[in-house]
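Given next are the chains, with one letter for each unit.
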Amino acid sequence: MLAFRVFESDQTMHCLPPRPRLLALGLIVPSFLAWQPVQDVALDPAAVATIDSIFASFDNEDSPGCAVTVLERSEVAYSQGYGMANLEHGIPITSTSVFRTGSVSKQFTAAVMVLLDEEGVLSLDDPLRAHLPEIPDFGYDLTLRNLIHHTSGIRDYLDLMALAGRGSDDFYRKQQALDLLARQEALNFPPGNRFLYSNSGYFLLSQVVERATGRTLRQEAQDRLFGPLGMTQTHFHDDRNEIVVNRAGGYAPLEGGGFEISMTKLDLVGDGGLFTTAEDMALWLANLDDPKVGGPSFLETLLTRGTLNDGSTLSYAMGIGHRTHGGLPHIGHGGSFVGFRAATVRFPGSDISVGLLCNRPDVNPMGLALKVAEAVLDGEMELPESRTPPSPESPEDPDEAPSLPVEATEELVGTYFSPELDVTYEIRVEGDGLVAEIGGIRTLPLAYQEADVFRALFITLRFQRDEGRVIGFGANLPRASAINFLKR
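Participant: Tell me about helix α6 (residues 199-213), residues and numbers included.
Facilitator: Over its 15 residues, α6 runs 22 Å from end to end, which matches the ideal 21 Å to within 8%, given 1.5 Å per residue. Taken together, the buried positions of α6 are N199, S200, G201, Y202, F203, L204, L205, S206, Q207, V208 and V209. Among the structural elements, α2 (106-118), α3 (144-148), α4 (157-163), α5 (174-182) and α7 (217-229) are those in contact with the buried residues of α6. Looking one or two residues past α6, G214 carries a phi angle of roughly 75°, positive in sign.

Participant: Explain the packing of aromatic side chains to me, and be specific about the residues and the numbers.
Facilitator: The description of an aromatic ring pair uses the distance of the two centres, along with the angle that the planes make with each other. Counted according to the given criterion, the structure contains 16 aromatic pairs. Each ring, one from F226 and one from F236, has its centre 6.2 Å from the other, and the planes form 40°; the classification is tilted. Of this pair, F226 sits in helix α7 while F236 sits in strand β6 (residues 235-236), and the two are 10 residues apart along the sequence. Note on F236: relative accessible area 0%, which makes it buried. Taking the centre distance of 5.7 Å and the plane angle of 85° together, the rings of F454 and F463 count as edge-to-face. Neither F454 nor F463 differs from the other in exposure class; each is buried. A connected cluster of aromatic rings, assembled from ring pairs, spans Y416, Y425, Y448, F454, F463, F473 and F485.

Participant: Go over the sheet that holds strand β5 (residues 99-100), please, and point to the residues and values.
Facilitator: By definition, the strands of a sheet pair up through backbone hydrogen bonds, in either a parallel or an antiparallel sense. Overall, antiparallel pairing links the 3 strands, which are arranged β5-β9-β6 in an open sheet. Both edges of this open sheet fall to β5 and β6, since each of them pairs with a single strand only. Two elements, β5 and strand β9 (residues 274-276), share 2 bridges in a ladder whose sense is antiparallel. When the sheet's bridge partners are listed, R100 is paired in β9 with F275.

Participant: How would you summarise the sheet that holds strand β22 (residues 480-487) if you had to cite specific residues and measurements?
Facilitator: Judged by pairing direction, the sheet is antiparallel, and its 9 strands sit side by side in the order β17-β16-β15-β14-β22-β21-β20-β19-β18 without closing on themselves. Strand pairing shows two members of the sheet lacking a second neighbour, β17 (442-445) and β18 (447-450), which therefore form its edges. The mean angle between the axes of side-by-side strands here comes to 30°, regardless of whether they run parallel or antiparallel.

Participant: Go over the pattern of salt bridges with me, naming the residues and quoting the values.
Facilitator: Tallying each qualifying case throughout the model produces 22 salt bridges. One continuous salt-bridge network, built from bridges that share partners, spans E119, R215, E220, D223 and R224.

Participant: Before we move on, can you summarise the nonpolar core with the specific residues and values?
Facilitator: Counting 100 residues, the largest nonpolar core has F108, L128, L204, W284, L302 and Y425 as the members making the most contacts within it. Per-element tally for this core: the top contributor is α2, with 8 residues. Setting aside chain neighbours within four positions, we find F108 in contact with L225, F226, M231, F236, L274, M281 and W284. Among the nonpolar cores identified, the runner-up in size contains 31 residues, and I54, Y78, A373 and V376 belong to it.

Participant: Explain the state of the cysteines to me, and be specific about the residues and the numbers.
Facilitator: Applying the stated criterion to the full structure yields 1 disulfide. A sulfur-sulfur distance of 2.2 Å marks the disulfide that ties C66 to C358. Judged by the torsion about the S-S bond (105°), the C66/C358 disulfide is right-handed. Of this pair, C66 sits in strand β1 (residues 66-72) while C358 sits in strand β13 (residues 352-358), and the two are 292 residues apart along the sequence. Residue C66 shares its accessibility class with C358, and that shared class is buried.

Participant: Break down helix α1 (residues 45-54) for me, citing the residues and quoting the values.
Facilitator: Turning to α1, its buried residues are A47, V48, I51, D52 and I54. Down the axis of α1, the smallest arc covering the buried residues is 155°, so these residues share one side. The secondary structure elements touched by the buried residues of α1 are β1, β2 (75-82) and α10 (365-376). If you check the start of α1, you find a side-chain oxygen 2.9 Å away from the backbone N of A46, and it comes from D44.

Participant: I'd like a description of the environment of L142, backed by residues and values.
Facilitator: Tracing the backbone shows L142 in the loop between α2 and α3. With a relative accessible area of 8%, L142 lands in the buried category. As for L142 and S152, which are separated by 10 residues in sequence, their C-alpha atoms are 6.4 Å apart. Beyond its immediate sequence surroundings of up to four residues, L142 is in contact with D126, P127, L128, L147, S152, I154, L187 and P191.

Participant: Can you tell me about the side chain of S103, naming the residues and giving the values?
Facilitator: For S103, the location among the structural elements is in the loop between β5 and α2. Polar contacts involving the side chain of S103 include one to the side chain of Y197, which spans 2.9 Å. Setting aside residues up to four positions removed in sequence, S103 forms contacts with Y197, N199, D271, H333, G334, G335 and S336.

Participant: Explain the pairing of β2 to me, using residue names and the numbers behind them.
Facilitator: Most of β2 is tucked away, with 6 of its 8 residues classed as buried. With 7 bridges joining them, β1 and β2 adopt antiparallel strand pairing. For E72, the partnering residue across the bridge sits in β2 and is E75. Hairpin connection, β1 to β2: the antiparallel pair is bridged by 2 residues, and R73 has positive phi, about 50°.

About the cut-offs
Residues numbered from 1 in each chain as written. Predicted model: local features only at pLDDT ≥ 70, side-chain atom pairs only at ≥ 80, totals over all residues. Heavy atoms only, no water. Helix = DSSP H or I, 4+ residues; strand = E, 2+ residues; numbered from the N terminus. Expected span 1.5 Å × (residues − 1). Buried < 20%, exposed > 50% of the residue type's maximum accessible area, 1.4 Å probe, protein only. Contact = heavy atoms within 4.5 Å. Phe/Tyr/Trp six-rings, centres within 6.5 Å; stacked < 30°, edge-to-face > 60°. Pairing = 2+ DSSP bridges. Axes fitted to C-alpha atoms, helices over the stretch in contact; angles between N-to-C directions. Salt bridge = Lys/Arg side-chain N within 4 Å of Asp/Glu carboxyl O. Core = buried A, V, L, I, M, F, W, Y, C linked by side-chain atoms within 4.5 Å. Disulfide = S-S within 2.5 Å. Arc of directions from axis to C-beta. Polar contact = N/O pair within 3.5 Å; in protein donor to acceptor, adjacent residues only side chain to side chain.

Structure below.
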């Protein structure tokens, strides 16, 4: 498929050994494998019980799960693993389990860019083409700052790869992704006109780092961030064949129950690719409170929101978003890729931070992180009494779905080519409908929407005509629009 987040009192329990749960001791053990504690944790007992209940469904030997860490005033107050890091070998999640973090990676890429800007190695206002001249001009001023704030208009390379038939379980090299972006003939919109999240921006930033420094993003992040902060188990994973000690496997639930492996062969970094642990994430969150690396000016820049051409201010800063929850402002970012979900959230006014790392995709990582924050900040947030989501609307009766006129089928059959994607779509009849064979890699059914408009999973195809004759179509995904295919 195409890829398109019990507290016990001080009394001694003579019959049981102590339950090691405090990250301050450098060890956490999933609760289903651990004993009860004999000492207080830093958090209120009610908060601990609530957090445990949030993750209770993962807390067994047959389930992947999450590692959570909570900081108060830059100090780890609570940390716990729930579920298994590896189902095949029965390895539980601990504070040293290494997770892929998806787009949580972006704040670290942005941090490296800010440090390079402060040292004069580059400027955030540099034109992109000053570092990557192979990217087309497009006729606009497009800067590194546009990439950082997702205002560049550059089409998302993951969407482009999906349009070319490649999903998250396929392999391609960073040069292939760079070549793909270099073939693009247009932007989604003029730079600075809109905010549209694009993984291409942060992938391109990783390439800018290489061109500007002669070293990889992994090397720069290690020397400028991870090393100084003591994040010894964190790195940008730019070698898919590298062995990672304590790596958590990624999993996805099966329809009939159980799980299957959900990993990727990709080793592109910048937009993603950061591997880290609960212990190391706590060190980073503490640095967002008291920036020992970078200092106050670094943190101020990192948290500065972007602006559009019309002067309006975005909620998105540099790999970190500004939001409110329960009436309290917070900063953070979520991550989602293959079988992994992650989130960071910090409430500056309350000196509370939460880091979440999960190895299953059927969770809302930011939602879970905010629930943990609610448990810790109980009484400080203004939350509605009932937050039950509304029931989804009933699906349309399939008997009332639009149908494709038979005479239109033959007009659309044929071979279509996109020079931007360097891929061919073969549209043909199979059974009672049309299918699109994408680059000889995947075949997807086409669902009729309206005249000359079809859907193939998340892809929208709009067929184009000249004097009534079909001459091509435009393919669209949410972050990559108007990719032209010409009929051969």
